[in-house]
Amino acid sequence: MHAEIDGERTLTELDFARLNKLGGGHWPVGLATVGQFPDLVASAEIAPDVVTMYSQVEIVDLASHYRHKLTLCYPRDAEPGIGFISVLSPVGASLLGLRVGAVARWQTPHGDACAAEVVAMLFQPEASGDYVT
């Protein structure tokens with residue numbers, strides 16, 4: 001059960017610091033590669049098409065072409081039934097730091113490979129002027 005971390009990813013310095021604390025000083029499994037090689041920027045400088053914490057995105061499953069609206073959140077706020085996906089889940093870890101147009105790849109708990117394209121940024125806190133969420 002893991003996310004494939006490939007390609008360019010950008011994290012805000014705030015997301016990086018909070019995620020580092022979430023793992024008690026060690027990056028949580030599934031995010032370890034992101035923690036090792038992030039492209040860090042100040043929250044006010046993040047591009048509006050990059051998936052940050054509490055961004056709401058629309059993804060399209062590459063196999064089924066089904067569309068999903070997901071909000072990337074911390075584990076305490078996760079409610080998968082309504083689209084709030086934990087950053088520690090395989091899907092969440094695969095989305096963090098991607099740009100619209102990129103493909104997220106992950107494995108289900110049963111080992112099935114999944115892939116979905118990030119087709120739209122519906123909301124990004126930083127783009128709305130929220131640099132502290």
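Calculation notes
- Residues numbered from 1 in each chain as written.
- Predicted model: local features only at pLDDT ≥ 70, side-chain atom pairs only at ≥ 80, totals over all residues.
- Heavy atoms only, no water.
- Helix = DSSP H or I, 4+ residues; strand = E, 2+ residues; numbered from the N terminus.
- Buried < 20%, exposed > 50% of the residue type's maximum accessible area, 1.4 Å probe, protein only.
- Polar contact = N/O pair within 3.5 Å; in protein donor to acceptor, adjacent residues only side chain to side chain.

### Overview of the side chain of Ser94
Here Ser94 shows up in helix α3 (residues 90-95). Classification of Ser94 as buried rests on a relative accessible area of 0%. There is a polar contact of 2.7 Å between the side chain of Ser94 and the backbone oxygen of Val91.

### A look at unusual backbone geometry
Note on backbone geometry: most residues besides glycine have negative phi, and most peptide bonds are trans. Here Tyr54, not a glycine, exhibits a phi torsion of approximately 70 degrees, which is positive. Mapped onto the elements, Tyr54 comes out in the loop between β3 (39-41) and β4 (56-61). In the Ramachandran plot, His65 falls in the positive-phi region, its phi being about 65 degrees despite a non-glycine side chain. By secondary structure assignment, the location of His65 is in the loop between β4 and β5 (67-73). Its relative accessible area of 59% is what places His65 among the exposed residues.

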